[in-house]
Amino acid sequence: MVTEKIAFTIDGRAMTAQTGETLLQVASRNGIFIPTLCHDKRITKTTSCFVCVVRHVQSGRFVPSCAATPQPGHDYESSSAAVYEMRQTALNLLLSEHSGDCESPCTIACPAHAQVEEYVRAGRKGDFREALRIIKERIPLPISIGRVCPRFCEKDCRRNINGTPVAINEFKRLAADLHYDEYMEALPPLGDKKVAIVGAGPAGLASAYFLRRQGITSQIFERMPQPGGMLRYGIPEYRLPKSLLNRELAHFEKMGGIFINCGVTLGRDIQLETLQQEYDAVVISIGCWKAASMRCDGEALAQDGIAWLGKVAQADWTGKNPGRTIVIGGGNTAMDCVRTAIRLGSNNVSCYYRRTENEMPAEQIEIDEAREEGVKFAFLTAPVRLEKKGNLLKLTCIRMELGEPDASGRRRPVPVNGSEFSVEADTVIAAIGQHTDAPSGLKTNKWGDVDVNAESLHVIDNVYSAGDCVSGAATVVEAVAAGRKVAIAIANQLTGKICNVPETINVSRGHWRSMDPNSLAKLRDASDDARISLHHISLDARRTTFSEVTLTANTAAVSSEGERCYECACTSRDTCKLKQHSEKYGAKPGAIRGKQRFLDYDTRHPVIIHDRNKCIKCGICIKICNEVINQTLLGYKNRGYLTEVGTAYNTGFPGSCTDCMSCIDACPTGALDRRLKQ
């Protein structure tokens, strides 16, 4: 018997097919990738997802390549713009009904996108060295960030829906405290590329760290006597002991290929043009050190908050009692100033803020601890004038009331006519914000920050910039994230790769504030114990010494805390074909909007979770069970929009399914999956 050969073309390439072969089979055999969600060679065709479409040139019709057979002499397109758009539309339609969490909300909330769920799981199992390894993939300063991070992850933790979040930061802190000295990353050999970094703060250090992990040498130039930037000179000793910071920075020297030169100022000791000539790339990461104006008469008589903290830091956290102290501002720097003044001996410290406590940008824990230590707060109060009065300072203020929201979303404070009053103080400290003092020759934006390409952080020629000098004053973890981003961009450029950020999607069940508690897909029986409490040193020691305020929790307590984690991320996050194809074709979860149905998920089986909210009704599981396993455990239920996949009479999966798992292995979206994460 002679098998007929069918000649045709795909994307202009001549091909032949055997009788009965589909376009998808021929394309795959010839190295042409066509995405599909509903195809499995073990079963009969389902033709349900329409993601595998190709265009029949002669008719202009789109046909599913998993089912269509080529016709002699016909032409097909598999990669044209029209095909791309049609696949994108098919994926958008599937995403419009697909509900779940690709990534856990805590990881999404983390500016560095540390794999939070994974390191919490490692800590729960007692493997804090593994937890540190996971953490350091994104966070090279875990000792510091474990102490000063504002806990973005915890604010979005789904445990908030039923009470308090998992104490995520304690995993980072404990893992670093236990294993930081012994841990060393797997490092490639150093190549011939070298980068100059101006600024040894969190962004500069992170840039050097991630460049070293790419085999690239860094020379860091720092104007201050010691490295660390705001970690050393802006964050008080009681929050971050400098002995711990020194211990953390010693690791950079151990890595090799990272050299820190202190007491070197850009524009005085080194010139940008020289660095550009001598290095393959230059990173400007100088931070925000210029004080914002109080916009009141006589403000020059006030101390700048960051500069004042810096002086105390350089005196090894000692200094003269500042006497009656007033700090103007409501951020974390203001809290650092008032709490430092208390520790220097003042028994009369006040914080004046022009809005209410609810609008204060400082972390609530900082406000609460400042109040416990004796700081007095005056809200809806703004400075008008500062003047000398003998050996004292006279501060005139005005009462405020909240008006309409401003650009920040907070209600704008409006002066109350006739409400002026005056107070006397020995020290007035302005802590209302910082700005960038950008190097000459670099373009700046309207806020005075270095103007960069948003994707690559490129400035001009071989100059890049990262950290607070680009974003404005932010947090340590945000600076570290920026350092990683610029390091990857430079490494890509120096190694000849195309510098771009891959398109990623994240389907989400929603923020915990808007969720029904019953909609949480709990893969494990999480503990309902109360969140662990941090242990503080005595209040007297807090007021009179710069000893660290909180103590690191022990391994038993932190491991037990891990039992509270719901583990929200999808079990198929790394293998989901819907996610992979959607990212490739630019599909978006919100591209097509409408009311979604919430379907109960089934966790009755000890090993299997059936989350029908993730199901795209491709039918693979039904046919695998029927045609491959010779069972009829799964089938379609209801019709039209109400169609769903389920077990007969909703009896759930029998125990024998544990020995099979074929439907799970074939599911393209994780709607059927193993409950337990490794």
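Residues numbered from 1 in each chain as written. Predicted model: local features only at pLDDT ≥ 70, side-chain atom pairs only at ≥ 80, totals over all residues. Heavy atoms only, no water.

## Let's talk about the sheet that holds strand 14 (residues 376–378)
Thinking step 1. Taken in spatial order, the five strands make up an open sheet running 11-19-12-13-14, and their pairing is parallel. This sheet does not close on itself; its edge strands, each paired only once, are strand 11 (303–304) and strand 14.
Thinking step 2. Direction of pairing for strand 12 (residues 325–328) relative to strand 13 (residues 349–352): parallel, over a ladder of four bridges. Bridged to isoleucine 326 within strand 13 is serine 350. (Pairing = 2+ DSSP bridges. Helix = DSSP H or I, 4+ residues; strand = E, 2+ residues; numbered from the N terminus.)

## Looking at the state of the cysteines
Thinking step 1. Enumeration over the complete set of coordinates arrives at zero disulfides.
Thinking step 2. Not engaged in a disulfide, the cysteine cysteine 149 finds its nearest cysteine sulfur in cysteine 153; these two sulfurs lie 6.0 Å apart.
Thinking step 3. Judged by its relative accessible area of 12%, cysteine 149 falls in the buried class. (Disulfide = S-S within 2.5 Å. Buried < 20%, exposed > 50% of the residue type's maximum accessible area, 1.4 Å probe, protein only.)

## Description of the pattern of salt bridges
Thinking step 1. This structure, assessed with the given rule, holds 46 salt bridges.
Thinking step 2. One salt bridge in this structure joins arginine 121 and glutamate 117, with 2.7 Å as the shortest N-O distance. With arginine 121 and glutamate 117 both in helix 4 (residues 116–124) and four residues apart, the pair spans about one turn of that helix. Accessibility assignment for this pair places arginine 121 and glutamate 117 in one class, buried.
Thinking step 3. Note that arginine 268 is salt-bridged to aspartate 269, the shortest N-O span being 2.8 Å. (Salt bridge = Lys/Arg side-chain N within 4 Å of Asp/Glu carboxyl O.)

## Some words on the nonpolar core
Thinking step 1. Counting residues in hydrophobic clusters, the biggest one holds 87 residues, and the most contacted among them are Tyr119, Ile168, Val195, Phe252, Leu275 and Ile490.
Thinking step 2. Residues lining this core come from more than one domain, with at least three contributed by each of domain 2 (105–183 + 506–562) and domain 3 (194–290 + 436–494).
Thinking step 3. If you look at the next biggest cluster of nonpolar residues, it comprises 29 residues, including Met224, Ala313, Ala334 and Phe377. (Core = buried A, V, L, I, M, F, W, Y, C linked by side-chain atoms within 4.5 Å. Domains from an automatic or database assignment.)

## A few points about the sheet that holds strand 2 (residues 13–18)
Thinking step 1. On the basis of which strands lie adjacent, the open sheet formed by five strands has the order 2-1-5-3-4 and mixed pairing. With partners counted over all chains shown, the strands left at the sheet margins are strand 2 and strand 4 (62–64), one partner each. On average, each strand axis in the sheet is tilted by 40 degrees relative to the strand beside it, whichever way the strands run.
Thinking step 2. Its contacts with the sheet place helix 2 (residues 81–97) against strand 3 (53–56), strand 4 and strand 5 (75–77), and it is angled at close to 140 degrees to strand 3. (Axes fitted to C-alpha atoms, helices over the stretch in contact; angles between N-to-C directions. Contact = heavy atoms within 4.5 Å.)

## Concerning unusual backbone geometry
Thinking step 1. Phi is positive for arginine 295, which is not a glycine, with a value near 55 degrees.
Thinking step 2. Take arginine 295: it is sitting in the loop between strand 10 (290–291) and strand 11.
Thinking step 3. The phi dihedral of tryptophan 317 is positive, around 60 degrees, even though this residue is not glycine.
Thinking step 4. Summarising the element assignment, tryptophan 317 is placed in the loop between helix 13 (305–314) and strand 12.

## What to know about the domain arrangement of the protein
Thinking step 1. Here the protein is described as being made up of domain 1 (5–79), domain 2 (105–183 + 506–562), domain 3 (194–290 + 436–494), domain 4 (294–432) and domain 5 (597–674).
Thinking step 2. Distance from the C-alpha centre of domain 3 to the C-alpha centre of domain 4: 30 Å.
Thinking step 3. Counting from both sides, the interface comprises 13 residues of domain 3 and, opposite them, 13 residues of domain 4.
Thinking step 4. Taken together, the two surfaces of domain 3 and domain 4 that pack against each other cover about 990 Å², and 60% of this comes from carbon and sulfur.
Thinking step 5. It is Tyr233, Tyr238 and Arg239 that lose the most area in domain 3 upon contact with domain 4, and together they represent 51% of the buried surface on that side.
Thinking step 6. Our count for the domain 3 to domain 4 interface comes out at two salt bridges.
Thinking step 7. There are two residue pairs in polar contact (both at pLDDT 80 or more) connecting domain 3 and domain 4.
Thinking step 8. In terms of residues, the side of domain 3 that touches domain 4 owes the most to one element, helix 10 (residues 230–233), which gives three residues. (Buried area = accessible area lost by both parts, 1.4 Å probe. Polar contact = N/O pair within 3.5 Å; in protein donor to acceptor, adjacent residues only side chain to side chain.)

## Section: the packing of aromatic side chains
Thinking step 1. By the definition in use, this model includes eight aromatic pairs.
Thinking step 2. Here phenylalanine 377 and phenylalanine 379 contribute two aromatic rings whose centre-to-centre distance is 5.6 Å and whose plane-to-plane angle is 10 degrees, an arrangement assigned as stacked.
Thinking step 3. The exposure class of phenylalanine 379 is partly exposed, given its relative accessible area of 24%.
Thinking step 4. An aromatic cluster of three or more residues is present, and its members are Tyr209, Phe210 and Phe252.
Thinking step 5. Across from the ring centre of tyrosine 641, 5.6 Å away, lies the NZ or CZ of arginine 597, which sits over that ring. (Phe/Tyr/Trp six-rings, centres within 6.5 Å; stacked < 30°, edge-to-face > 60°. Lys NZ or Arg CZ within 6 Å of the ring centre and 35° of its normal.)

## Thoughts on the environment of glycine 12
Thinking step 1. With respect to the helices, strands and loops of the structure, glycine 12 is situated in the loop between strand 1 (5–10) and strand 2.
Thinking step 2. For glycine 12, a relative accessible area of 66% gives the class exposed.

## Some words on the packing of helix 5 (residues 128–136) against helix 8 (residues 168–179)
Thinking step 1. Relative to each other, helix 5 and helix 8 sit at 110 degrees, their axes nearing to 9 Å. If you check the angle between helix 5 and helix 8, you find them roughly perpendicular. On helix 8, the residues touching Phe128, Arg129, Ala131, Leu132 and Ile135 of helix 5 are Phe171, Lys172, Leu174, Ala175, Ala176, Leu178 and His179.
Thinking step 2. Grouping the constituent residues of the contact of helix 5 with helix 8 by class yields nine nonpolar, one polar and two charged. (Parallel < 35°, antiparallel > 145°, perpendicular 65-115°, else oblique. Nonpolar A, V, L, I, M, F, W, Y, C, P; charged D, E, K, R; others polar.)

## Thoughts on the environment of valine 470
Thinking step 1. Take valine 470: it is sitting in helix 16 (residues 468–471).
Thinking step 2. Valine 470 sits in the buried class, given a relative accessible area of 17%.
Thinking step 3. A sequence separation of 147 residues divides valine 470 from lysine 617, and the C-alpha atoms of the two residues are 46 Å apart.
Thinking step 4. The residues touching valine 470, leaving out its near neighbours within four places in the chain, are Asn445, Asp449, Val450, Val452 and Ser465.

## Concerning the side chain of glutamate 248
Thinking step 1. Positionally, glutamate 248 belongs in helix 11 (residues 242–255).
Thinking step 2. With sequence-adjacent residues up to four places away left out, glutamate 248 is seen in contact with Pro140, Leu141, Pro142, Ile143, Ser144 and Tyr180.

## Re the pairing of strand 12
Thinking step 1. Residues Thr325 and Val327 point to one face of strand 12 and Ile326 and Ile328 to the other, with burial holding for every one of them.
Thinking step 2. Both strand 12 and strand 19 (residues 427–430) contribute to a ladder of four bridges, which runs parallel. The partner of isoleucine 326 across the bridge, within strand 19, is valine 428.
Thinking step 3. Between the parallel pair strand 12 and strand 13, the chain is carried across by helix 14 (residues 332–343), and the sense of this crossover is right-handed. (Right-handed = clockwise from strand over helix to strand, strands pointing away.)

## Topic: helix 5
Thinking step 1. Buried within helix 5 are the following residues: Phe128, Ala131, Leu132, Ile134, Ile135 and Lys136.
Thinking step 2. Its buried side turned inward, helix 5 meets helix 4, helix 6 (142–148), helix 8, helix 9 (202–212), helix 11 and helix 19 (555–562).

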